[in-house]
Amino acid sequence: MQSVLTAEEMREADYESVIKLRVTERQLMELAGKEACNILLEKFADADGKLAGKRFLIVSGKGNNGGDGIVLARHLINAGATVDLIHLCEESQLKPDGAATLKTLKQYLIHTDKIRVFEADEFFPEVVLKTRYDFAVDAVLGTGYRSAKQPKSLTQTGVEPPQKFEAEPRPALSEVIKNAVLFINAKKKEGAYVVALDMPTGTDGTSGAVPDVAVEADLTITLAFLKTGLFLGEGRRHAGEIALADISIPDFLAKPSACKLTDENFVRRILPERAAGSAKHQNGKVLIVAGSQGAAQSMMGAAIMSVRAALASGAGYVCAAVPESAFNLMHQAAPEAILISQDMTQIAEKIEWADAVAVGCGLGRSPEQMNFAAKLLSLPALQKKKTIIDADALFAIAELSLLDSLQLSDAILTPHVKELERLIRISAQEIESERLFYVKEFAKRYAFGLLLKGSPTLIAANEKLFLCNSGTAALATAGTGDVLSGLIVSFAAQGLSTADAAAAAAYIHGLAGSFAGKSVNRISATDVINSLVPVFNYLENPA
Ligand SMILES: NC(=O)C1=CN([C@@H]2O[C@H](COP(=O)(O)OP(=O)(O)OC[C@H]3O[C@@H](n4cnc5c(N)ncnc54)[C@H](O)[C@@H]3O)[C@@H](O)[C@H]2O)[C@@H](O)CC1
Ligand SMILES: [K+]
């Protein structure tokens with residue numbers, strides 16, 4: 001599984017490689033430029049394996065990101081390309097490694113006319129303005145760009161209403177850098193393919209926030225490790241395609257606590273296998289407490305979706321606690337499920353029996369229904385049980401201010417951002433701008449875990465942190481959350497930890513959404529469930 005580092009974790013890994021492995025920053029910079037060139041060659045080389053005739057513009061800043069760009073210039077010329085390099089500060093202001101590599105590049109000027117070097121600040125040379133480039137490379141800022149805004153801490157949870165989000169001033173880009181960003185974006189409009197080194201300039205390496213302007217890359221060649229800012233917030237859109245350049249910083253230098261990207265291999269490795277001939281009860285016993293039905297409103301659809309997803313993902317026994325009036329309906333929709341009524345004593349017994357429990361889909365939001373959820377969540381049998389808490393159970397926790405008093409040690413809460421707003425009393429806008437921060441804060445503060453739905457979905461539980469990028473926007477439709485909760489409880493019951501179950505479920509859910517999206521334009525939760533079989537087939541029998 002690939003690690004996805006924050007800008008700070010990346011700086012630490014850089015630092016560690018210099019201190020512990022006795023590598024110099026200059027060596028890393030050389031590798032960065034060389035590997036970036038190799039990636040461009042892999043993608044764009046002609047039949048001779050060269051970039052002959054391709055015209056590159058490289059804009060470099062005064063930090064190490066700029067140094068990477070200057071090294072790249074050399075390798076591009078070696079590969080047959082023509083390069084215009086603009087460095088955005090006087091040579092004397094470059095960091096020492098960048099300055100040294102610029103000296104080497106300038107020696108090229110004696111031997112070849114394939115390179116032109118310009119020093120510019122606000123005003124770019126006329127000749128560059130007029131030239132049409134095949135490629136524009138952004139080597140202005142990398143992980144050194146930081147937004148100074150401090151997200152609010154979670155100690156402010158309580159009974160007060162969500163705080164209005166007032167954007168604090170983030171450090172604007174300097175005029176020189178802003179101009180450079182706009183210039184690169186203008187070259188893109190003229191037809192240049194934009195390549196960002198490490199991060200698109202103007203994008204926060206950790207949160208993906210773009211407080212000012214940012215480069216709109218077609219390709220981001222990120223160095224050593226993936227960065228969280230490439231997947232979160234606006235960073236996702238600005239990054240374009242992502243390629244990882246190996247600059248020989250070993251995996252063991254990434255913090256073990258760093259985020260991991262869920263991928264097919266991870267899911268294949270941990271997916272519970274159904275042993276041939278095994279008894280049903282060995283394949284996981286699931287209890288789903290969901291659904292409500294009244295004269296005016298029925299929310300049985302949510303329960304049905306969740307139960308069907310649990311069954312479709314291999315749980316041996318699925319028991320659903322639903323209103324008695326809905327038994328017939330449930331039997332028709334999911335004949336394989338055992339049904340019990342929503343009677344607290346009966347539910348408590350079934351919790352003892354179950355390997356994992358899901359609570360909340362379609363339970364209802366009336367005062368009685370919220371009290372029912374509260375009582376359920378305080379059952380001693382649930383305290384150590386793998387428990388998935390979703391939808392109306394989250395609503396009850398928020399409305400009745402139960403978050404700080406929940407005694408659940410192996411549970412995971414699965415809100416979308418609006419539900420998390422209600423739970424932690426921090427505005428959805430604020431959470432959206434710092435999703436990773438709030439997920440980590442939540443995990444630090446509570447004994448239970450969190451899965452924050454969205455693109456990407458973030459999961460923090462059992463001391464693990466996952467980023468799941470497999471979802472599609474089409475999944476934001478009614479009922480898909482119920483499917484997700486059914487998948488998590490099923491995998492947890494089949495033996496996965498709540499963290500792994502949530503990560504695998506989120507990945508499979510996303511993949512099922514993509515599969516469903518291939519045959520229908522607007523997918524429904526039922527389409528997602530129907531796609532689970534092809535998804536499992538695909539995962540179990542890779543082409
Ligand atoms: N440190 C290392 O060992 C390595 C670093 N590498 C490269 O170095 C980059 C990080 O280098 P640096 O730490 O020098 O940082 P950057 O090169 O990303 O940026 C540093 C510059 O950004 C300026 N800056 C920061 N925020 C700004 C703002 N809001 N407005 C205007 N200017 C702002 C700083 O004043 C500084 O001059 C990585 O992204 C990567 O490209 C690679 O060479 C590989 C090894
Ligand atoms: K950059």
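Residues numbered from 1 in each chain as written. Chains lettered and ligands numbered in written order. Predicted model: local features only at pLDDT ≥ 70, side-chain atom pairs only at ≥ 80, totals over all residues. Heavy atoms only, no water.

- For the chain, the name recorded in an unreviewed UniProt entry is Bifunctional NAD(P)H-hydrate repair enzyme, with Chloroherpeton thalassium as its organism.
- Under the Subunit (unreviewed entry) heading, UniProt states for the chain: "Homotetramer." (UniProt positions renumbered as here; feature names shortened; annotations may be inferred.)

**Remarks on the environment of R445**
Part 1: Looking at where R445 falls in the secondary structure, it is placed in helix 16 (residues 435-445).
Part 2: For R445, a relative accessible area of 34% puts it in the partly exposed group. (Helix = DSSP H or I, 4+ residues; strand = E, 2+ residues; numbered from the N terminus. Buried < 20%, exposed > 50% of the residue type's maximum accessible area, 1.4 Å probe, protein only.)

**A word on helix 20 (residues 532-540)**
Part 1: What helix 20 keeps buried is the set L532, V535, F536 and L539. Summarising the axial view, the buried residues of helix 20 lie within an arc of 95°, below the 170-degree limit, and thus occupy one face.
Part 2: For helix 20, the elements touching its buried residues are helix 8 (264-270), helix 9 (300-312), helix 17 (480-493), helix 18 (498-519) and helix 19 (525-530). (Arc of directions from axis to C-beta. Contact = heavy atoms within 4.5 Å.)

**Re the site of ligand 1**
Part 1: With respect to spatial proximity, 23 residues lie near ligand 1, and among them N65, D68, K95, G142 and D198 are the closest.
Part 2: In this structure, a nitrogen atom belonging to ligand 1 sits 3.3 Å away from a side-chain N or O atom of D14.
Part 3: Here an oxygen atom of ligand 1 sits 2.9 Å away from a polar atom, N or O, in the main chain of T143.
Part 4: About the coverage of ligand 1: the protein hides 81% of its 860 Å² of free accessible area. (Near = heavy atom within 4 Å. Polar contact = N/O pair within 3.5 Å; in protein donor to acceptor, adjacent residues only side chain to side chain. Areas by Shrake-Rupley, 256 points an atom, 1.4 Å probe, with all protein chains shown as cover.)

**Topic: the coordination of the potassium ion (ligand 2)**
Part 1: Distances from the potassium ion (ligand 2) to its protein donors, N65 (OD1), D138 (O), L141 (O), L197 (O) and M199 (O), fall within 2.6 to 3.0 Å.
Part 2: Every donor residue of the potassium ion (ligand 2) comes from the same chain, spaced as N-x72-D-x2-L-x55-L-x1-M. Here L197 matches M199 in class, with each residue buried. (Donors = N, O, S within 2.8 Å, 3.2 Å for Na, K, Ca; no water.)

**Section: the sheet that holds strand 3 (residues 82-87)**
Part 1: Spatial strand order, 4-3-2-5-6-7-9: 7 strands in an open sheet with parallel pairing. Of all the strands in the sheet, the pair left with one neighbour each is strand 4 (115-119) and strand 9 (241-245). Strand-to-strand twist of the sheet, defined as the mean angle between neighbouring strand axes without regard to direction, takes the value 20°.
Part 2: In this sheet, strand 6 (residues 193-197) lies alongside strand 5 (residues 135-139) in parallel orientation, the contact comprising 4 bridges. (Pairing = 2+ DSSP bridges. Axes fitted to C-alpha atoms, helices over the stretch in contact; angles between N-to-C directions.)

**Let's talk about the pattern of salt bridges**
Part 1: Throughout the structure, instances matching the rule amount to 23 salt bridges.
Part 2: Residues E30 and R74 are paired through a salt bridge, measuring 2.8 Å at the closest nitrogen-oxygen approach. Of this pair, E30 sits in helix 2 (residues 25-44) while R74 is found in helix 3 (residues 64-78), placing the two residues 44 residues apart along the sequence.
Part 3: A relative accessible area of 10% places R74 in the buried class.
Part 4: Between K453 and D390 there is a salt bridge, with the nearest N and O atoms lying 3.1 Å from each other. In this pair, K453 sits in the loop between strand 17 (449-452) and strand 18 (457-461) while D390 sits in the loop between strand 15 (386-389) and helix 13 (391-399), placing the two residues 63 residues apart along the sequence.
Part 5: Taking relative accessible area as the criterion, K453 reaches 16% and is therefore assigned buried. (Salt bridge = Lys/Arg side-chain N within 4 Å of Asp/Glu carboxyl O.)

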